[in-house]
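Secondary and tertiary structure notes
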Amino acid sequence: MRKRVRWVAAAGIVLALAGCSANDSGGESAAMPMSADTKQAAPNQGPANKEATDSKAGSGKAPAPAGQPGITDRKLVRTASLELTAPNVADVISQVRVITQGAAGYTGQESTQEKRASVNVVVPSERLDGVLDQLGKLGKQVKREVTATDVTEQMVDVDSRLATQRASVERIRALLARATSVSEIASVESELTSREAELESLQKRRESLAGSVAMSTISLQVKAETVAAAEESRSGFLGGLADGWDAFLTFGGGLLTVLGAMAPFLLVFGVPAAALVWWLRKRRRPAEPAMATASDLPSAPPLD
């Protein structure tokens, strides 16, 4: 019995030692591939990071094609129109001037009456939205519109033509410097003048486009609240009746104006003409009975 216990204990010790040695070898074998993989993956970290960067870049907006401006590089000509109603039109126009000057802009064409006013406001394009918000707070906002026209292609075309024309002018100037005879000088100078004129025209167009892009125009109209209320109430049958009456008064006023303009001519030329016609008709009256009496005389009998 003791021998069996000894054999079982010895077998257990052997199995335990075998398991420990197997675990040690397995741990070392597992560690070796990991370290090898780590060593092999280290040089590839650069491409992996590059691919990750490319994937992140691809998740954003795609770059614009070569030769074409991106969205942020578009050249837009922005204009706006704004209609307001306010109790005092003159006060609103005064505040408009203050807001415009504060935005580094200026006012253009202006027409101000007691109950109506219109003014063109020119401000930098990047401040257009802010100025519109400030102007909209000066009264009750009735209408607000903003339009944008893309002139990017026109700008690119003009820039390309400008570069070509400048190079052409430089070539003609080089030819002028090498000209020897009077005829050659005259011919080259004529061509140079023509090309310089075209170059100047392109430069003016470029400046005009750039100015339209840099500055935006706001067409502002302000009406008194009483006028706006009267215009809103003139609708339906009563509004049509009122419009018809106004049209009748306008027509009558125009007719009276025409008659008043013709009165001096009728007085100067019409009265003498009427008197002359009356005198001629009175002069012809005695002759008509005499002619009738002669026609009533019996005719002479025919001769055999």
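Residues numbered from 1 in each chain as written. Predicted model: local features only at pLDDT ≥ 70, side-chain atom pairs only at ≥ 80, totals over all residues. Heavy atoms only, no water.

Their axes nearest at 9 Å, the elements helix α5 (residues 152–178) and helix α6 (residues 182–214) cross at an angle of 160 degrees. As summarised for this structure, α5 and α6 are arranged roughly antiparallel, according to the angle between their axes. By crossing handedness, the relation of α5 to α6 is classed as left-handed. For the contact of α5 with α6, the class distribution of residues is 14 nonpolar, four polar and 11 charged. (Axes fitted to C-alpha atoms, helices over the stretch in contact; angles between N-to-C directions. Helix = DSSP H or I, 4+ residues; strand = E, 2+ residues; numbered from the N terminus. Parallel < 35°, antiparallel > 145°, perpendicular 65-115°, else oblique. Left-handed = near helix turned anticlockwise from the far one by under 90°. Nonpolar A, V, L, I, M, F, W, Y, C, P; charged D, E, K, R; others polar.)

Every buried residue of helix α4 (residues 128–136) is listed here: Leu128, Val131, Leu132, Leu135 and Gly136. Seen from one end, α4 has its buried residues packed into an arc of 135 degrees, which puts them on one side. Packing partners of the buried residues in α4 comprise β1 (76–86), α3 (89–102), β3 (116–124), β4 (140–150) and β5 (215–224). (Buried < 20%, exposed > 50% of the residue type's maximum accessible area, 1.4 Å probe, protein only. Arc of directions from axis to C-beta. Contact = heavy atoms within 4.5 Å.)

All right, on to a nonpolar patch on the surface then. A contiguous nonpolar surface patch, about 560 Å² in accessible area, is contributed by Phe265, Leu267, Val268, Phe269 and Val271. The class of Val271 is partly exposed, set by a relative accessible area of 49%. (Patch = residues over 30% accessible without salt bridge, like charges linked within 9 Å, V, L, I, M, F, W, Y side chains within 5 Å. Areas by Shrake-Rupley, 256 points an atom, 1.4 Å probe, with all protein chains shown as cover. Salt bridge = Lys/Arg side-chain N within 4 Å of Asp/Glu carboxyl O.)

So, on to α3. Spacing of three or four residues puts side chains on the same side of an α-helix, whose turn is 3.6 residues. For α3, with 14 residues, the first-to-last C-alpha span of 20 Å sits near the 20 Å given by 1.5 Å per residue. Of the surrounding elements, those touching the buried residues of α3 are β1, β2 (106–112), β3, α4 and β5. Its side-chain oxygen 3.1 Å from the backbone nitrogen of Ala90, Asn88 forms the N-cap of α3. Following α3 by one or two positions, Ala104 adopts a phi angle in the positive range, close to 60 degrees. (Expected span 1.5 Å × (residues − 1). Polar contact = N/O pair within 3.5 Å; in protein donor to acceptor, adjacent residues only side chain to side chain.)

Turning to its location among the elements, Val131 is positioned in helix α4. On the basis of relative accessible area, Val131 is assigned to the buried category, the value being 3%. Taking the C-alpha atoms as reference points, Val131 and Gly102, 29 residues apart in sequence, are found 9.4 Å from one another. In contact with Val131, not counting residues within four places along its chain, are Ile99, Ala103, Val123 and Ile218.

Now for the sheet that holds β1. Hydrogen bonding along the main chain pairs the strands of a sheet, whether they run parallel or antiparallel. One open sheet accounts for five strands, arranged β2-β3-β5-β1-β4; its pairing is mixed. Of all the strands in the sheet, just β2 and β4 have a single pairing partner and so form its edges. Along the sheet, successive strands turn relative to each other by an average axial angle of 10 degrees, direction set aside. In terms of strand pairing, β2 meets β3 through five bridges, oriented antiparallel. Looking at β3, one finds that Thr112 is bridged to Ala117. (Pairing = 2+ DSSP bridges.)

Let us look at the side chain of Thr152. Among the structural elements, Thr152 can be located in helix α5. For Thr152, the side chain forms a polar contact with the side chain of Arg74, separated by 3.5 Å. In terms of polar contacts, Thr152 uses its side chain to reach the side chain of Asp150, at 2.5 Å.

Below, the discussion takes up unusual backbone geometry. A positive phi is found at Ala104, a non-glycine position, where the angle reads about 60 degrees. Structurally, the position occupied by Ala104 is in the loop between α3 and β2.

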